[in-house]
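The lines below spell out each chain.
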Amino acid sequence: MESHLAPPAMPPAPAGADAPIRITLPVEGMSCASCVGRVERALAALPGAADVAVNLATGRASLVLPEGTSPFRVVEAIREAGYDVPETVTAVTVEGMSCASCIGRVERALLALPGATSASVNLATGRAELRHVTGAVTVDDIEAAVRLAGYEARRLDAPQAASPGERQEREAAALRRDLILAAVLSGPIVVLDMGGHVLPGFHHAATSMLGAGYAWLQAVLATLVLAGPGRRFFRIGVPNLLRGHPDMNALVALGSGAAYLFSLVSTVAPSWLPEGSAHLYFEASVLIVTLILLGRTLEARAKGRAGAAIARLIDLSPKTARRVEGASEHEVSAFDLRIGDRVRVRPGERVPADGTVTSGASFVDESMITGEPVPVKKDKGGRVVGGTLNTTGSFDLTVDRIGADTALARIVRMVEEAQGGKLPIQALVDRVTLWFVPAVIAIAVLTFLAWLAFGPAPAFGHALVAAISVLIIACPCAMGLATPVSIMVGTGRAAERGVLFRQGAALQALRNARVIALDKTGTLTEGRPRLTDLVTAPGFTREGVLALAGAVEARSEHPVARAIADAAREAGVLPEAEAFEAVPGHGVSARVEARSVALGNRRYMERLRIATDGLEGEAARLADEGKSAMFVAIDGRLAALVAVADPIKPEARKVIEALRTRGLTVAMLTGDARATAVAVARSLGITEVEAEVLPEGKVAALRRLREAHGPVAFVGDGINDAPALAEADIGIAIGTGTDIAVESADVVLMSGALGGLVEAVVLSRATLANIRQNLFWAFAYNAALIPVAAGLLAAFGGPQLSPVLAAGAMALSSVFVVGNALRLRRAGAAA
């Protein structure tokens, strides 16, 4: 996943004050929770740094710094801590330069971009190259900076920097290569050392045949393993150890290095060692490296699958588009599309950019955005989203969003931010792992001294084996991966199901919610009033009344009037009205086809001296159901009773029942009249109702619910409900695929379907349960096996754990944690 540097959405700073900026960038070389702590400490030491967060699974670091702070200081701090920030070079052509001062001006403009580390401009070729933190700067940013300097920049056809997925694949390929080489070189050592355990007499035959070469062959092969595939552990681990900040690599380097050096001394100068203690542990040193490489290879593959949801979203963007120019069309790179371009989309093609349909019609599969499997009809004026799949028809669209502004890019960015975030539960892990590796080294030293003092002869060999086993088995990889990998998979799965967690912490907040409070209009209901009932009086027909009533209401702008007019229009009966008159608070009247027509409440009918007794019973029934009823009079006679209501969403009852089944209290907050609100709540099985409340009243209602029941989640449309969304412990916005950036919300239901709420609750609970399982495994594993590695069982006559088995167990622990997190890919309310 690609990272970026961008200022956060924050209120303007007071005059004279520096506005804070959020910097997010990738970090390479981290392998365990100790690495995370070290990078966090390095970043926290920067002047003015705040809100520092480092994520092991995504390999990203973020922090808030005062405005004007160079991102390169962040890069330097990370590198001084022993890690690296990947960089890339982006090139453009620059027009208008004429002298050396032009070069300096363009270079200064480029170096002012966030994440820029160096710039090079060539006057002869007109080419400018900017080296920057990967993902920090886009070509659009560079073009804008060059234009600001007074020149024009154009894109090159050169390929862009490698994607995060490609970088991850390169890392996995390098691990596989090192693993194969280590296994090939380790094989003869394992055969020579352990063959005697399988074939009686093998050891004697091998030593007799090879003589002194028996030990020297193992020494040469072990040297190749540690200097080749194992060099990665020493290259990172030893400098960190010397800085006083040991990490997982340091533990592996110490363990395998100690076994190797002891074996080398036993081979070259056995007289230097205590009598009877000269043994070869070359097989332990090479198998430690090989098994840990195996674990990292499996882990890299699993982490690749963990981020597959976002990778699939990114891959949905088509690489080419069919741009229409006049009467002809040309295939161009989707990267070259500009706002205002007209693009043709044929059956079976993916939409290349966000836009508006200008001609043609089709059904578009938007499941990759909304999670809804049913294709949506699109005709002239309809909005389409880049990456969605056109099914049967063909249409032209006008591009109105490109690049980072597209819905797909915004979704990917939100999910990346969520995956890079930290849950409050991670704070406990960070506190523990801060001192974990130094504690393990101390335990290894104490283990060595204890065996040396009290162990059986040859005590030195037993002491060395036990100390190495402690170092290897206690690598804290599983601890560091336990939380972030689950967040990565959980938020990715949620995105596939049409649910966007804008922050990782929202997962835990929703898991802890005890109350789900919902807005009514547009959330529980469709938000569009419809004609629901038309009860005619004797002597009148439904079609005749609908035509006349619809004609009158078509002249009114009231929402209720529009519902009646729309119903008449859909029925194909909508004549013209004349002499229209509106009586505020009462009703409307007009002449239609030479007939006098009036619609309104009981007071209006009384004013017109029209009796309503015949339909009063129906009017009372409709009012009890929360519907807005009006009488219709034609030529001075009561003709009908019409009722308009905002229909409840079809899935609302099922969703409310599912939430209550999961132990949640469900409440409804609305500004509607109490009678209407109570009727809707009663039909849905909701007992907690707050009606006739303004936005500020919803905030007060949420506070009352929190005091009565506990943490509250509020579900609204994200616009009128912004204060309530901000007040709630977790704000959930009902959105659409093209309007998902609801700043007040923590979670966005992209499809607008209420069923996404159950998905969000289920996925939050599943993710937190998965994190707890991972943390239990990680801590229980170390608590149980460190004493075993130290020789607790051997002290009571049991076996002593070998370094080889310790390396295997350590690798297995990380693979288990990642594999357990991958189970979330099948989670969901419908899974």
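Calculation criteria
- Residues numbered from 1 in each chain as written.
- Predicted model: local features only at pLDDT ≥ 70, side-chain atom pairs only at ≥ 80, totals over all residues.
- Heavy atoms only, no water.
- Helix = DSSP H or I, 4+ residues; strand = E, 2+ residues; numbered from the N terminus.
- Buried < 20%, exposed > 50% of the residue type's maximum accessible area, 1.4 Å probe, protein only.
- Contact = heavy atoms within 4.5 Å.
- Areas by Shrake-Rupley, 256 points an atom, 1.4 Å probe, with all protein chains shown as cover.
- Pairing = 2+ DSSP bridges.
- Axes fitted to C-alpha atoms, helices over the stretch in contact; angles between N-to-C directions.
- Parallel < 35°, antiparallel > 145°, perpendicular 65-115°, else oblique.
- Nonpolar A, V, L, I, M, F, W, Y, C, P; charged D, E, K, R; others polar.
- Phe/Tyr/Trp six-rings, centres within 6.5 Å; stacked < 30°, edge-to-face > 60°.
- Patch = residues over 30% accessible without salt bridge, like charges linked within 9 Å, V, L, I, M, F, W, Y side chains within 5 Å.
- Salt bridge = Lys/Arg side-chain N within 4 Å of Asp/Glu carboxyl O.
- UniProt positions renumbered as here; feature names shortened; annotations may be inferred.
- Left-handed = near helix turned anticlockwise from the far one by under 90°.
- Expected span 1.5 Å × (residues − 1).

(A) Local environment of the overall build of the protein chain. Within the protein chain, the secondary structure is distributed over 30 helices and 28 strands. The 831 residues of the protein chain split such that 52% are buried. The long-range share in the protein chain, meaning contacts at least 24 apart out of those at least 6 apart in sequence, stands at 68%. Entry remark: accessible area of the protein chain is about 35,700 Å², with carbon and sulfur atoms responsible for 57%.

(B) Layout of the sheet that holds strand β27 (residues 730-734). Taken in spatial order, the seven strands make up an open sheet running β16-β28-β27-β26-β17-β24-β25, and their pairing is mixed. If you trace the sheet from one side to the other, it starts and ends with β16 (499-501) and β25 (688-690), each paired once. Each strand of the sheet is rotated relative to its neighbour by a mean of 20°, with strand direction disregarded. One ladder, built from five bridges, connects strand β17 (residues 515-519) with strand β24 (residues 665-669); its direction is parallel. Its bridge partner lying in β24, Ala 517 is registered against Ala 667. Helix α28 (residues 755-790) rests against β16, β17, β26 (712-716), β27 and β28 (747-749) of the sheet, and its axis sits at about 45° to β16.

(C) Looking closely at unusual backbone geometry. Backbone geometry places Ala 579, a non-glycine residue, at a positive phi of 55°. Structurally, Ala 579 is set in strand β19 (residues 577-583).

(D) Broad picture of the pairing of β17. Across the five residues that make up β17, a large majority, five, are buried. Alternating positions in β17 separate into two faces, Val 515, Ala 517 and Asp 519 on one and Ile 516 and Leu 518 on the other, with burial throughout. Of the pairings in the sheet, the one linking β17 to β26 comprises four bridges and is parallel in character. Bridging from a neighbouring strand, Ala 517 pairs with Phe 714 of β26.

(E) Region of the structure containing the packing of helix α16 (residues 459-473) against helix α30 (residues 803-822). It is the contact of α16 with α30, at a shortest axis distance of 8 Å, that shows an interaxial angle of 5°. As judged from the angle between their axes, α16 and α30 are roughly parallel. From α16, Val 465, Ile 468, Ser 469, Ile 472 and Ile 473 reach across to α30, where they touch Pro 803, Ala 806, Ala 807, Ala 809 and Met 810. Split by residue class, the contact of α16 with α30 holds nine nonpolar, one polar and no charged.

(F) Representation of the packing of aromatic side chains. Evaluated as defined, the whole model comprises five aromatic pairs. Where Phe 262 meets Phe 460, the ring centres are 5.3 Å apart and the plane angle is 25°; that geometry is what we call stacked. Taken together, the residues span a long stretch of sequence, with Phe 262 in helix α9 (residues 248-268) and Phe 460 in helix α16 at a distance of 198 residues. You can call Phe 460 partly exposed: its relative accessible area is 23%.

(G) Quick peek at the pairing of β24. Where burial is concerned, most of β24 is hidden: four out of the five residues are buried. Strand direction decides the pairing type here: β24 and β25, joined by three bridges, are parallel. Note on β25: the bridge partner recorded for Leu 669 is Glu 690.

(H) Layout of helix α25 (residues 674-684). When α25 is considered as a whole, its buried residues turn out to be Ala 677, Ala 679, Val 680, Ala 681 and Leu 684. The elements touched by buried residues of α25 are α19 (520-524), α23 (616-624), α24 (652-661), β24 and β25. After α25 finishes, the residue Gly 685 shows a positive phi value of roughly 80°.

(I) Structural view of a nonpolar patch on the surface. Judged by side-chain polarity, Val 445, Leu 446, Leu 449 and Leu 452 come together as a nonpolar surface patch covering roughly 360 Å² of accessible area. Residue placement: Leu 449 occurs in helix α15 (residues 436-454).

(J) The arrangement of the UniProt feature "transmembrane region" (unreviewed entry) in the protein chain in detail. Residues annotated by UniProt as "transmembrane region" (unreviewed entry) correspond here to residues 179-199, 205-227, 248-272, 278-295, 432-454, 460-483, 775-798 and 804-822. Taken end to end, residues 775-798 comprises 83% helix and 0% strand; its first and last C-alpha atoms sit 29 Å apart. Annotation note: span residues 804-822, helix share 100%, strand share 0%, distance between end C-alpha atoms 27 Å.

(K) View of the packing of α24 against α28. Where α24 contacts α28, the axes come no closer than 8 Å and their chain directions differ by 20°. Compared by their axis directions, α24 and α28 come out roughly parallel. Both α24 and α28 take part in a crossing whose hand is left-handed. Two secondary-structure elements touch here, α24 through Val 655, Ala 658 and Leu 659 and α28 through Gly 755, Leu 757, Val 758 and Val 761. Within the contact of α24 with α28, the residues separate by chemical class into six nonpolar, one polar and no charged.

(L) A look at α30. For α30, which comprises 20 residues, the first-to-last C-alpha distance of 29 Å matches the rise-based estimate of 28 Å (1.5 Å per residue) to within 8%. Within α30, 14 of the 20 residues are buried, leaving the element largely enclosed by the surrounding structure.

(M) Local environment of the sheet that holds strand β21 (residues 595-600). Pairing within the open sheet is antiparallel, and its six strands lie in the order β18-β23-β22-β21-β20-β19. Of all strands in the sheet, those bounded by a partner on one side alone are β18 (530-536) and β19. Shown here is a sheet whose adjacent strand axes are inclined to one another by a mean of 20°, direction ignored. Pairing of strand β20 (residues 587-592) with β21, which is carried by six bridges, proceeds in the antiparallel orientation. For Arg 591, the partnering residue across the bridge sits in β21 and is Ser 596. Seen against the sheet, helix α20 (residues 542-553) touches β18, β19, β20, β21, β22 (628-634) and β23 (637-645) and runs at an angle of roughly 110° to β20.

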